[in-house]
Structures are given as structure tokens and as C-alpha cells.
Amino acid sequence: MLGLAVCTGGIDYPMALSQFLGHNPILQPCPNLFENNRRVHSLRSHGSSSYFNSKSRNVRVMVSANRKQVEIVYDPDERINKLADKVDNEAPPLSRLSLFSPCKINVFLRITNKREDGFHDLASLFHVISLGDVIKFSLSPSKSKDRLSTNVSGVPLDDRNLIIKALNLYRNKTGSDNFFWIHLDKKVPTGAGLGGGSSNAATALWAANQFNGCLATEKELQEWSSEIGSDVPFFFSQGAAYCTGRGEVVQNIPPPVPFDIPMVLIKPQQACSTAEVYKRLQLDTTSSVDPLKLLERISVNGISQDVCINDLEPPAFQVLPSLKRLKQRVLAASRGQYDAVFMSGSGSTIVGIGSPDPPQFVYDDNEYKDVFLSEANFLTREENHWYREPPSRSASGPSSDFSQSIP
């Protein structure tokens with residue numbers, strides 16, 4: 001008569017693993033694309049979890065037959081590894097992703113040279129701020145076309161849009177055949193000197209890479225992005241960078257200013273043409289201050305009016321004289337409210353650092369009834385993660401209905 005005794009501690013291993021992993025795994029971006037993979041990989045890498053260690057034991061079954069003893073050892077780790085392999089093979093692809101797409105300001109912007117290719121060399125402290133758009137990506141069943149929608153009118157929805165340009169670039173570089181439905185919830189005004197479109201392009205490259213299992217490194221995405229626009233590579237920094245060349249040479253730096261410094265953004269309806277601003281730029285009238293000295297002074301002493309130099313202000317004020325008047329009025333009305341008042345990029349946003357509140361005349365004067373207003377703070381991102389949307393944002397400006405809906 002064969003005797004068999006097995007003790008497993010009363011655990012149904014598949015059920016226990018299901019309870020441990022959860023019935024509805026949450027998809028997360030790379031570096032570990034799927035949360036269920038991450039949890040199972042954790043078990044695989046580090047052995048059984050404390051849950052299994054406390055209630056599971058190697059089971060030894062002694063079988064006596066013909067005076068021979070056979071020892072059978074049941075290894076729960078081996079079973080976990082087999083289930084992990086099954087998760088790896090059967091996990092569904094990422095199908096939806098919502099990302100924050102923040103804009104930037106130029107704390108200072110020096111134009112140092114005109115190049116033979118017609119572009120200008122610059123040296124600037126770029127910093128991401130908490131104002132931004134939200135872009136939602138969904139995999140499309142189409143293998144030939146992306147669909148883009150937005151909540152504001154006037155934004156191109158075809159391949160003139162930098163989001164579509166970025167997705168096309170990613171497919172060209174990697175051979176991916178993924179196409180998308182994209183909805184752009186636009187908060188950053190266009191023609192503002194805030195790099196909103198460049199940020200959208202960088203965000204789209206990041207998203208496409210997540211959907212494709214991170215085929216490219218961040219460094220590759222940054223290098224490719226310079227083909228879309230000079231400001232795009234900056235957004236692959238950690239959020240604060242000293243940028244040179246056309247802006248595409250990005251040097252990460254430790255954040256030189258505290259994150260809790262508030263600011264207000266004031267943008268009139270009129271935009272400045274970047275091409276027109278550079279056309280009117282006269283290099284012999286620009287500042288002579290060494291941009292590295294400006295960076296050092298900001299790192300040591302913080303932001304002040306004398307370090308927030310923007311060489312594009314004079315030509316921008318020629319293009320849009322009302323913008324010069326706006327800056328002058330903000331300075332006159334501030335009475336020490338702001339540490340610095342300056343224009344970002346090539347305009348037309350005026351930034352007041354040190355307070356989230358605009359001066360009262362912006363509310364009282366009919367000339368400014370249609371300006372865009374937003375408070376903001378400085379922002380950075382963690383390595384291997386995209387920028388996270390702050391808990392609350394305050395922005396006001398003209399609004400409109402969806403110009404197109406995703407089918």
C-alpha cells in the first residue's frame with residue numbers, strides 16, 4: 001500500500017498570486033512598461049515575497065515503494081517564474097496614455113552670433129514651468145494615419161502640427177507602424193515665446209516610445225528631436241538647462257532657483273513673429289554680458305531684474321510696440337511686487353517673477369481685457385519619467401469648443 005501525505009499550508013498558489021498581483025493591473029510607462037510585469041519581476045528577482053515566505057514552505061513528500069525513498073521538493077519560486085513568463089507573453093500592449101506637456105521660460109536670453117546658415121547662436125537659461133497642455137494618446141486601428149483633435153480653434157490638425165511631425169519622425173527612425181488618435185487639451189497660448197509647440201513635439205516622441213516598448217533611449221529621442229525644432233531637445237533635459245547653439249545644445253544643470261518662487265504670465269492677444277523679430281535684431285546693440293556670468297549670478301543670488309536680460313526684447317518691441325508699453329506698465333505698477341519683469345523667448349509673453357498676481361491695471365484697463373493670464377512655478381522632472389502635472393493650475397484666457405472630436 002502506497003502512502004502519500006502532502007501539506008501545502010492551505011494555499012491555492014494561483015489564487016494567492018492573483019490576489020497578490022491584483023485583478024486589474026495598472027499600465028505604467030517605461031522603464032517597466034506594465035505594472036503587472038513589474039510586480040512579478042520583483043518576485044522573480046528577489047525570491048518569494050514576504051507573503052509567500054511567511055505562509056509557504058518547500059513541500060517534501062516521502063514516498064515509500066519497494067523499500068526506496070524518493071524526495072519530491074515543490075518550489076513555489078519556480079511556479080512564480082513560470083507565471084511571470086506567462087504574463088510577459090500575454091500582457092496586452094499599452095493602448096492609452098495621458099501626458100502633461102509643460103512650457104518653458106527663458107530666464108535670460110543672449111544672442112551671441114549670426115551663423116553662416118542664417119540662424120543665430122544663443123546662450124540661454126531655459127527652465128520648465130508648471131503651465132502646460134495635456135495630451136491624450138490612444139492607439140489607432142489605422143496603419144496609415146494619425147487623428148488629432150484639440151479644444152481650441154486655429155491649431156493645425158495635419159502634419160503642420162509638431163505633434164504629427166514628431167510621430168512621423170519616430171516612425172521613420174524606428175520603423176514602428178503604430179498610429180494614434182491624439183487629443184490636445186491646449187492651455188499654453190501660441191505665439192507666446194513659451195515653447196508650447198516644442199513641448200508638444202517632445203511629449204509626442206516620449207509617448208510614441210512608450211507605446212513601442214522604449215525602442216529608443218532618451219538621448220536618441222533628444223538627438224532626433226532637433227530635426228523638428230531648436231527648442232524641442234530642451235524638454236528632454238531634467239527641466240533646467242543652459243542651452244547654446246540654436247538652442248539644441250542642451251546642458252543639464254542643477255535647478256538654480258527654488259521651485260516655490262511664484263510668477264505671473266501676461267500675454268496679449270497679439271503674437272510676435274519669431275522670423276520678424278530676428279530680422280530686426282542688430283547684434284551690435286545687444287548686451288555684452290557673459291551669459292555664463294549671468295548663470296553664476298542667478299545660481300548664487302537668485303533672480304533679479306539685472307540678470308534677466310533678453311536680447312530679443314528691443315526688436316520684439318519694434319514689431320509690437322504695445323508689448324513694450326505692457327512691460328513698462330507692469331514695472332511701474334509693481335512697486336517691488338516682482339523680483340524681475342521680462343519677455344520670454346521672442347515674445348509676446350511678459351513674465352513677472354516673485355508674485356502670482358498681475359498688477360491691477362490688467363483687470364481695470366479695457367486694453368487688456370483679452371490678455372492671457374496664468375500663475376506658474378518652476379518645474380523639473382524625475383529621470384526616466386515624463387513631467388508630472390502639478391496638483392492645481394490657474395490660467396485664464398479665451399476659450400472655445402472642440403474644433404474636432406476623436407471618432
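Parameters and conventions
Residues numbered from 1 in each chain as written. Predicted model: local features only at pLDDT ≥ 70, side-chain atom pairs only at ≥ 80, totals over all residues. Heavy atoms only, no water. Helix = DSSP H or I, 4+ residues; strand = E, 2+ residues; numbered from the N terminus. Buried < 20%, exposed > 50% of the residue type's maximum accessible area, 1.4 Å probe, protein only. Contact = heavy atoms within 4.5 Å. Areas by Shrake-Rupley, 256 points an atom, 1.4 Å probe, with all protein chains shown as cover. Polar contact = N/O pair within 3.5 Å; in protein donor to acceptor, adjacent residues only side chain to side chain. Axes fitted to C-alpha atoms, helices over the stretch in contact; angles between N-to-C directions. Parallel < 35°, antiparallel > 145°, perpendicular 65-115°, else oblique. Left-handed = near helix turned anticlockwise from the far one by under 90°. Nonpolar A, V, L, I, M, F, W, Y, C, P; charged D, E, K, R; others polar. Core = buried A, V, L, I, M, F, W, Y, C linked by side-chain atoms within 4.5 Å. Phe/Tyr/Trp six-rings, centres within 6.5 Å; stacked < 30°, edge-to-face > 60°. Pairing = 2+ DSSP bridges.

**Q** Describe the overall build of the protein, and please don't skip the residues or the numbers.
**A** Helix and strand content of the protein: 12 helices and 13 strands. Out of the 407 residues in the protein, the part that is buried amounts to 47%. Contacts in the protein between residues at least 24 apart in sequence constitute 75% of all its contacts with a sequence separation of at least 6. Carbon and sulfur atoms make up 48% of the accessible area of the protein, which totals about 20500 Å².

**Q** How would you sum up the environment of aspartate 133? Please name residues and give values.
**A** One can find aspartate 133 in strand β4 (residues 120-139). Remark: the alpha-carbon pair of aspartate 133 and glutamate 389, spanning 256 residues in sequence, is separated by 9.1 Å. With residues up to four places along the chain from it excluded, the contact list for aspartate 133 reads Leu99, Phe100, Ser101, Leu184, Asp185, Lys186, Lys187, Val188, Gly196 and Asn200. A polar atom in the side chain of aspartate 133 sits 3.1 Å from the side chain of asparagine 200.

**Q** Provide a residue-level description of the packing of helix α6 (residues 196-211) against helix α7 (residues 218-225), including the pertinent values.
**A** Running from N to C, α6 and α7 cross one another at 140 degrees; their axes reach a closest spacing of 10 Å. Comparing their axes, α7 and α6 come out oblique. The handedness of the crossing between α6 and α7 is right-handed. Residue-level contacts link Leu205, Trp206 and Asn209 of α6 to Glu218, Leu221 and Ser225 of α7. Looking at side-chain class alone, the contact of α6 with α7 contains three nonpolar, two polar and one charged residues.

**Q** Account for the nonpolar core, naming residues and giving values.
**A** The biggest cluster of nonpolar side chains holds 66 residues, and the ones touching the most others in it are Phe137, Ile163, Ile182, Ile266, Leu323, Leu326 and Trp386. Considering every element that reaches this core, the biggest residue donor is α6, with eight residues. The contact partners of phenylalanine 137, leaving out residues within four places of it in the chain, are Ser95, Arg96, Leu97, Leu99, Trp181, Ile182, Thr203, Ala204, Ala207 and Phe211. Ranked by size, the runner-up nonpolar core spans 32 residues in total, among them Val107, Leu194, Ala340 and Val351.

**Q** Describe the packing of aromatic side chains, with residues and values.
**A** Tallied over the entire structure, the rule returns nine aromatic pairs. Relative to phenylalanine 234, the ring of phenylalanine 126 has its centre 5.1 Å away and its plane inclined at 50 degrees; by these criteria the two rings are tilted. With a gap of 108 residues between them, phenylalanine 126 in strand β4 and phenylalanine 234 in the loop between α7 and β7 (240-244) connect regions that are remote in the sequence. When the ring of phenylalanine 361 is compared with that of tyrosine 368, the centres are 5.4 Å apart and the planes differ by 70 degrees; the resulting orientation is edge-to-face. Tyrosine 368 carries the same exposure label as phenylalanine 361, and that label is buried.

**Q** So, the pairing of strand β8 (residues 249-252): which residues are in play, and what are the values?
**A** Bridge count for β7 against β8 is four bridges, and the pairing is antiparallel. Looking at the pairing, alanine 241 lines up with asparagine 252 of β8. Taking the residues that link successive antiparallel strands as the turn, the β7-β8 hairpin has four residues, and the phi of glycine 245 there is positive, at about 65 degrees.

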